[in-house]
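Residue-level structure breakdown
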Amino acid sequence: MTRSPMASGAGPAGKRVQRRTLELIQGSLSGRKLERRAPWITSLHRATDGTLAGLGVCMLALSALTLHWQNQWGVSYQQMEAAQVLEHKLQESSALLEQHHLGAVKRPGWLVPTSSEKLIYLPSPRSAATASGLPLLGSIQLRQIRSGY
């Protein structure tokens, strides 16, 4: 079975269609003909190209900033989780210490009952000792640090 030259597109009509298509593509892509006919369209195309390039750069910058901020948020979230774990451990430790001290109260032989005869009164510290130092150091109030802290 043979094919006709018209069906394969190799005939003169097929070549004309192909040339027309190529001329249309080449004519639409070449800027020189358009530049001669309407220079304002050429400048509009250039402005549009510049705007698109600028928007592309802006999108890349915003994407980079978004990734950076997401990373910072992740780091902060991990630090918060670590702080929560430490807080939970501290609460567990204080609960264990409280249970230990409450257990000691239940055993009466371990604690000595207090009475006013067994109290020891100490004289208050002299204020002259703090006045001999710097005036700024005298304004600092020192507190006793409880055991275990």
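Residues numbered from 1 in each chain as written. Predicted model: local features only at pLDDT ≥ 70, side-chain atom pairs only at ≥ 80, totals over all residues. Heavy atoms only, no water.

1. A look at the overall build of the protein chain
When helices and strands are tallied, the protein chain shows six helices and zero strands. When burial is assessed residue by residue, the protein chain has 3% of its 149 residues classed as buried. For the protein chain, the accessible area works out to roughly 14800 Å², and carbon and sulfur atoms hold 63% of it. (Helix = DSSP H or I, 4+ residues; strand = E, 2+ residues; numbered from the N terminus. Buried < 20%, exposed > 50% of the residue type's maximum accessible area, 1.4 Å probe, protein only. Areas by Shrake-Rupley, 256 points an atom, 1.4 Å probe, with all protein chains shown as cover.)

2. Describing the packing of aromatic side chains
Two measures describe an aromatic ring pair: the distance that separates the ring centres and the angle between the ring planes. In this structure the tally under the stated criterion is one aromatic pair. Between the aromatic rings of Trp-73 and Tyr-77, the centroid separation amounts to 5.2 Å while the plane-to-plane angle is 15 degrees, which identifies the pairing as stacked. A residue pair is termed a helical-turn pair when its members lie 3 or 4 positions apart in one helix, as Trp-73 and Tyr-77 do in helix α4 (residues 39-106) at four residues. (Phe/Tyr/Trp six-rings, centres within 6.5 Å; stacked < 30°, edge-to-face > 60°.)

3. Description of α4
Helix length check: α4, at 68 residues, gives a terminal C-alpha distance of 100 Å against a target of 100 Å (1.5 Å per residue), a fit within 8%. Residues of α4 that are buried: Thr-42, Gly-103 and Ala-104. (Expected span 1.5 Å × (residues − 1).)

4. So, a nonpolar patch on the surface
Taken together, the side chains of Met-59, Leu-62, Leu-65 and Trp-69 make up a nonpolar region of the molecular surface, amounting to roughly 440 Å² of accessible area. Position of Leu-65 relative to the elements: it lies in helix α4. (Patch = residues over 30% accessible without salt bridge, like charges linked within 9 Å, V, L, I, M, F, W, Y side chains within 5 Å. Salt bridge = Lys/Arg side-chain N within 4 Å of Asp/Glu carboxyl O.)

5. Here's the deal with the confidence of the model for the protein chain
Counting all residues, the mean pLDDT for the protein chain is 76, and 59% of those residues have values of 70 or more. When mean pLDDT is compared element by element in the protein chain, α4 scores highest at 91, while helix α1 (residues 5-8) scores lowest at 48. Counting contacts from residues 1-9, a segment whose pLDDT is below 50, to residues more than four positions away or on other chains yields five contacts. (pLDDT = per-residue confidence, 0-100. Contact = heavy atoms within 4.5 Å.)

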